[in-house]
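# Understanding the architecture of this molecule
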Amino acid sequence: MVSPLLANVALNGIEEIHQSIRYADDMVIILKPKDNAEAILDKISQFLGERGMKLSEKKTKLTATKDGFDFLGWNFKVQSNGKFRSVPSSDNYKAFRQKVKRIVNNSNYGAKEKAEKLAPIVRGWRNYHRFCKMDGSKNSLVHIETRAFKVFNKEAKQNRYTSKKLLDLAFPSVPYSENKHINVKGEKSPFDGDIAYWSERNSKLYDGETSSALKRQNHTCGYCGLKTLSDEKVHLHHVDGNHNNWKKNNLLAVHESCHDYHHTSKTVR
C-alpha cells in the first residue's frame, strides 16, 4: 500500500503535461495525430528527472489504438469497425490460469477443498474483468472448468453429480456488462465527504438482487443504517435464513462486517 501512495505523491502533476490516464506509476498518454510524441516524452522525462526518477524503456512504447495495448491487467483495442473493446490481457490471464492449475493439480487437497480454494480466486478474477468482453471459450473459462471437472470426478468419493456441484462452487458465475463501467463524476474524490454520492455510486457496482435491495434501502446498510461506501463490500442477507427464499421482503443489503457480526452473535447465543 505504501508504494502506490508514494508514487501518487511523487507523480502528482504529471497528468498536466498532456492528456493521460494514470494509476499510481502506470500511465497511458493519449496522443492525437498532430501531437509530437517525442516532445511530450521529453517533458515527462524532465518531470521525472527533477524527482530522481526515469522512464522505463522496457515498458514504454508507442502504439496505435487499433493494435491494442495492455494497462492494469486489461488489453484495450479499437476494432476495425471503430468499436472499443477491452479483454483480460494475456499476462493477466496466464497468471490467473497458473493459480487455478496449482490448486486443481495439488494432490494434497481433496475435491471439496479445491473447490473452496478456487471460488474466491475465480470470483475475484471475474469481478475484476466484469466490464470486459468475457464471452468465448478462453475468457469464459470453459477449458479450465472442463479440466477441473475431470480432476474432481476422478476422486473416489465423487460422481458426475457431486463433481458438477463442486464445479459450480469452484467457478461462481459473475454477470458481465461490456463497456458499462460507471465513470466518476467530474472531479469527485472518495475523500470529498460527499457520502450520498459515493454510496449511490457504490450501489451501481452491484447487480441483481443486491442492487435492488440497496435502492430500496436508500443505499444504506440494513443493520447499522450507515451509507454503503466502496471501502467495504456489501452482502445480501436472507432474513429468515432460507437461501432459497428470494422474496423482496426477505432480502437485506448489509455491510460485510455487519453480516459477519450478525451471524457470529447468533452462533454465540
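It should be emphasised that the depicted structure is a prediction, and the values quoted were computed from it without experimental measurement. (Residues numbered from 1 in each chain as written. Predicted model: local features only at pLDDT ≥ 70, side-chain atom pairs only at ≥ 80, totals over all residues. Heavy atoms only, no water.)

### Description of the sheet that holds strand β5 (residues 84–88)
Through backbone hydrogen bonds, the strands of a sheet pair up, either in parallel or in antiparallel fashion. For clarity, the threshold we go by: Here a strand pair is declared whenever DSSP counts at least two bridges between the two strands. Strands are runs of DSSP state E lasting at least 2 residues, helices are runs of H or I lasting at least 4, and numbering of each runs from the N terminus. Here an angle of 0 to 180 degrees is reported between the N-to-C directions of two axes, which are lines fitted to C-alpha atoms, with helices fitted over the stretch in contact.
Pairing is antiparallel in the open sheet, where three strands are placed in the order β3-β4-β5. One side of each edge strand has no neighbouring strand; the edge strands of this open sheet are β3 (69–71) and β5. Across the sheet, the mean angle separating the axes of adjacent strands is 30° when strand polarity is ignored. The pairing of strand β4 (residues 74–78) with β5 spans five bridges and is antiparallel. Residue Asn 75 lies in a different strand from β5, and its bridge partner there is Val 87.

### Some words on the environment of Ile 17
How we decide: Any residue under 20% of the maximum accessible area for its type is buried, any over 50% is exposed, and the rest in between are partly exposed; the area is computed with a 1.4 Å probe on protein chains only. Working rule for contacts: check all heavy atoms of both residues, and any pair within 4.5 Å makes them a contact.
Within the secondary structure layout, Ile 17 lies in the loop between α1 (2–11) and β1 (20–23). What makes Ile 17 partly exposed here is its relative accessible area of 25%. In sequence terms Ile 17 and Val 104 are 87 residues apart; their C-alpha atoms lie 48 Å from each other. If we skip the residues at most four places from it in the chain, Ile 17 touches Ile 40, Lys 43, Ile 44 and Phe 47.

### Observations regarding the packing of helix α3 (residues 90–104) against helix α4 (residues 111–128)
To keep it simple, the criterion reads: Orientation is classified from the angle alone, with under 35 degrees giving roughly parallel, over 145 giving roughly antiparallel, 65 to 115 giving roughly perpendicular, and any other angle giving oblique. Residue polarity is assigned by list, with Asp, Glu, Lys and Arg as charged and Ala, Val, Leu, Ile, Met, Phe, Trp, Tyr, Cys and Pro as nonpolar; anything else, Gly included, falls into the polar class.
Relative to each other, α3 and α4 sit at 170°, their axes nearing to 9 Å. Of the possible angle classes, the one that applies to α3 and α4 is roughly antiparallel. Contacts from Asn 92, Tyr 93, Phe 96, Lys 99, Val 100, Ile 103 and Val 104 of α3 reach α4 at Lys 114, Lys 117, Leu 118, Ile 121, Val 122 and Trp 125. Along the lines of polarity and charge, the residues of the contact of α3 with α4 split into nine nonpolar, one polar and three charged.

### Quick word on the confidence of the model for the chain
Convention followed: Per-residue confidence from the predictor is given as pLDDT, running between 0 and 100.
Averaged over all residues, the pLDDT of the chain equals 86, while 96% of them reach at least 70. Mean pLDDT in the chain bottoms out at helix α7 (residues 195–204), which sits at 74, and peaks at α3, which reaches 94.

### Side note on helix α5 (residues 142–154)
Using the following cut-off: Take the number of residues in a helix, subtract one, and multiply by 1.5 Å to get its expected span. Working definition: the arc comes from the directions between the helix axis and the C-beta atoms, pointing outward to the latter.
Along its 13 residues, α5 runs 19 Å from first to last C-alpha, staying within 8% of the 18 Å computed at 1.5 Å per residue. Among the residues making up α5, those that are buried are Ile 144, Ala 148, Phe 149, Val 151 and Phe 152. Down the axis, α5 shows its buried residues gathered within 165° of arc, on one side only. Projecting away from the buried face of α5 at angles above 90 degrees are the exposed residues His 143, Lys 150 and Lys 154. Elements in contact with the buried residues of α5: α3, α4 and α6 (160–170).

### Quick look at the packing of aromatic side chains
Spelled out, the test is: Here a Phe, Tyr or Trp ring, Trp counted by its six-membered ring, pairs with any other such ring whose centre lies within 6.5 Å, and the pair is stacked when the planes are under 30 degrees apart, edge-to-face when over 60, and tilted otherwise. Sitting over a ring, as applied to charges here, requires NZ of Lys or CZ of Arg to be within 6 Å of the ring centre and within 35 degrees of the ring normal.
Throughout the structure, instances matching the rule amount to six aromatic pairs. For the pair Trp 74 and Phe 76, a centre-to-centre distance of 6.1 Å together with 70° between the ring planes defines the contact as edge-to-face. Since its relative accessible area comes to 19%, Trp 74 is described here as buried. These aromatic residues form a ring-pair network of at least three members: Phe 69, Trp 74, Phe 76, Phe 84 and Tyr 128. Between the NZ or CZ atom of Arg 51 and the centre of the ring of Phe 47, over which it lies, the distance is 3.6 Å. It is Lys 138 that lies over the ring of Tyr 93; its NZ or CZ is 4.8 Å from the centre.

### A few points about the environment of Tyr 161
Locating Tyr 161 in the fold gives a position in helix α6. On the basis of relative accessibility, which here comes to 59%, the residue Tyr 161 falls in the exposed class. The spacing of Tyr 161 and Asp 135 is 26 residues in sequence and 26 Å in space, taken between C-alpha atoms.

### A few points about the pairing of β1
For β1 and strand β2 (residues 26–29), the ladder comprises four bridges, and the chain directions are antiparallel. Residue pairing for β2: Ile 21 is matched across the bridge by Val 28. Between β1 and the antiparallel strand that follows it, β2, lie two residues; Ala 24 among them carries a positive phi value of about 55°.

### Focus: the nonpolar core
Selection criterion: Residue types Ala, Val, Leu, Ile, Met, Phe, Trp, Tyr and Cys, when buried and joined through side-chain atoms within 4.5 Å, form a set referred to as a nonpolar core.
Phe 96, Val 100, Leu 118, Leu 141, Ile 144, Phe 152 and Phe 171 are the most contacted members of the largest nonpolar core, which has 26 residues in total. Broken down by secondary-structure element, the contributors of at least two residues to this core are β4, α3, α4, α5 and α6. Aside from chain neighbours lying at most four places away, what touches Phe 152 is Ala 111, Lys 114, Ala 115, Leu 118, Gln 158, Ser 163, Leu 166, Leu 167 and Ala 170.

### Comments concerning the pairing of strand β7 (residues 251–255)
Of all five residues in β7, four are buried, a share of seventy percent or more. Of the pairings in the sheet, the one linking strand β6 (residues 234–238) to β7 comprises five bridges and is antiparallel in character. Residue Leu 236 lies in a different strand from β7, and its bridge partner there is Ala 253.

### Looking at the environment of Trp 74
For clarity, the threshold we go by: Polar contact criterion, stated in full: a pair of N or O atoms within 3.5 Å, where within protein one must be able to donate a hydrogen and the other to accept it, and residues adjacent in sequence count only if both atoms are side-chain atoms.
Position of Trp 74 relative to the elements: it lies in strand β4. Setting aside chain neighbours within four positions, we find Trp 74 in contact with Phe 69, Val 87, Pro 88, Ser 89, Tyr 128, His 129 and Cys 132. Here the side chain of Trp 74 touches His 129 through a polar contact of 2.9 Å, side chain to side chain.

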